[in-house]
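Results of the structural survey
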Amino acid sequence: MKLSNIILISTMTSLLCLFSCNNDTQKRLSQEETTEYLMKGKEITQSTFKALSSELKAALARGGIEEAISYCNIQAMPITDSLAKAYDVKIKRTSLKTRNPDNAPNEKEQEILEGYLKLHQQGDSLKPSVHRIGVDKVLFTAPIMVQPLCLNCHGEVGKSLQQANYEIIKKHYPDDQASGYEMGDFRGIWSVEF
Ligand code: HEC
């Protein structure tokens, strides 16, 4: 091969790399962007959590666990969806062990969930994080931990989760995997796509 050809090929290769290695998908978020998305993500998940939990508490007061389960079954998605519309994002709750298979994680969420679980098992405290997932797509995730109230529906069957209530859950969610949790366990994540 002639020297000029070798030079030409190597110039083209490095030019190609300049373009492909520098595209937006791989561009890391700046410190400012990270701070901004963390702030927005927290605001969105906190208001969604508030909306869901106040409705959940009202349903519990109205008709106990049974009423609350059918509330979760019918209303959780529409509430989340209407907030998502208001903020112009996609909002989801997902887990390594889902109750509703529609909430199953995608590949990226699966990876993030496994990362959080590993940190939790090492005894680290879990924090929200942001990730660039496409040309102009950013994903915010925040850990969801098990609190006392949650055990009524996600606890150990026959103990914190009463058998009769579990029967009702199973009727709505035959593929349920989301029981057997204890206080302080890592339950899943909020996933907000900008
Ligand atoms: C009254 C029963 C009830 C209580 C109390 C409850 N949940 Fe759930 N949870 C459900 C049901 C039912 C679903 C499935 C909702 C759906 O169809 O999307 C669910 C779904 C979820 C999901 C979405 C992923 C999945 O498994 O499908 C997460 C995360 C979750 N719950 C966490 C919690 C946490 C954390 C608490 C306490 C703060 C809690 N839940 C309290 C009944 C309950």
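What comes next concerns the included structure.

Reading guide: rules and limits
Residues numbered from 1 in each chain as written. Predicted model: local features only at pLDDT ≥ 70, side-chain atom pairs only at ≥ 80, totals over all residues. Heavy atoms only, no water. Phe/Tyr/Trp six-rings, centres within 6.5 Å; stacked < 30°, edge-to-face > 60°. Helix = DSSP H or I, 4+ residues; strand = E, 2+ residues; numbered from the N terminus. Buried < 20%, exposed > 50% of the residue type's maximum accessible area, 1.4 Å probe, protein only. Lys NZ or Arg CZ within 6 Å of the ring centre and 35° of its normal. Core = buried A, V, L, I, M, F, W, Y, C linked by side-chain atoms within 4.5 Å. Contact = heavy atoms within 4.5 Å. Polar contact = N/O pair within 3.5 Å; in protein donor to acceptor, adjacent residues only side chain to side chain. Near = heavy atom within 4 Å.

Moving on, we get to the packing of aromatic side chains. Summed over all chains, the structure comprises two aromatic pairs. Ring plane angle 55° and centroid distance 5.0 Å describe the contact between Tyr-37 and Phe-194, whose orientation is recorded as tilted. In this pair, Tyr-37 is assigned in helix α2 (residues 31-87) and Phe-194 in the segment after β4 (186-193), connecting sequence segments 157 residues apart. Between Tyr-116 and Phe-186, the ring centres sit 5.8 Å apart and the planes meet at 45°, which makes this aromatic pair tilted. Here Tyr-116 is found in helix α3 (residues 107-121), whereas its partner Phe-186 is found in strand β4, with 70 residues between them in sequence. You'll find Tyr-116 and Phe-186 in the same group, each marked buried. Positioned above the aromatic ring of Tyr-181, the side-chain terminus of Lys-97 is 4.6 Å from the ring centre.

What follows covers the nonpolar core. Counting residues in hydrophobic clusters, the biggest one holds 20 residues, and the most contacted among them are Leu-52, Tyr-71, Ile-91, Val-130 and Val-192. Those elements giving two or more residues to this core turn out to be α2, β3 (137-145) and β4. Considering each element in turn, this core owes the most residues, eleven residues, to α2. Apart from residues no more than four positions distant in its own chain, Ile-91 is found in contact with Ile-44, Thr-48, Thr-80, Leu-83, Ala-84, Trp-190, Ser-191 and Val-192. Grouped together as the second largest cluster of nonpolar side chains are eight residues, Ile-65, Ile-69, Tyr-166 and Ile-168 included.

The subject of this paragraph is the environment of Thr-45. For Thr-45, the position within the fold is in helix α2. Under the relative-accessibility criterion, Thr-45 is labelled buried at 7%. Setting aside its immediate chain neighbours within four residues, Thr-45 contacts Phe-140, Trp-190 and Val-192. At 2.9 Å, the side chain of Thr-45 and the backbone oxygen of Gly-41 are in polar contact.

Once that is clear, we can look at the site of the ligand. Taken together, 19 residues form the shell around the ligand, and within it Arg-99, Cys-150, Cys-153, His-154 and Arg-187 come nearest. Between the ligand and Tyr-173 there is a distance of 2.7 Å, counted from an oxygen atom to a side-chain nitrogen or oxygen. One nitrogen or oxygen atom from the side chain of Arg-187 is found 2.7 Å from an oxygen atom belonging to the ligand. Elements that contribute at least two residues to the shell around the ligand include exactly α2, β3 and α4 (151-154). Looking at the shell around the ligand element by element, the count peaks at five residues for α2.

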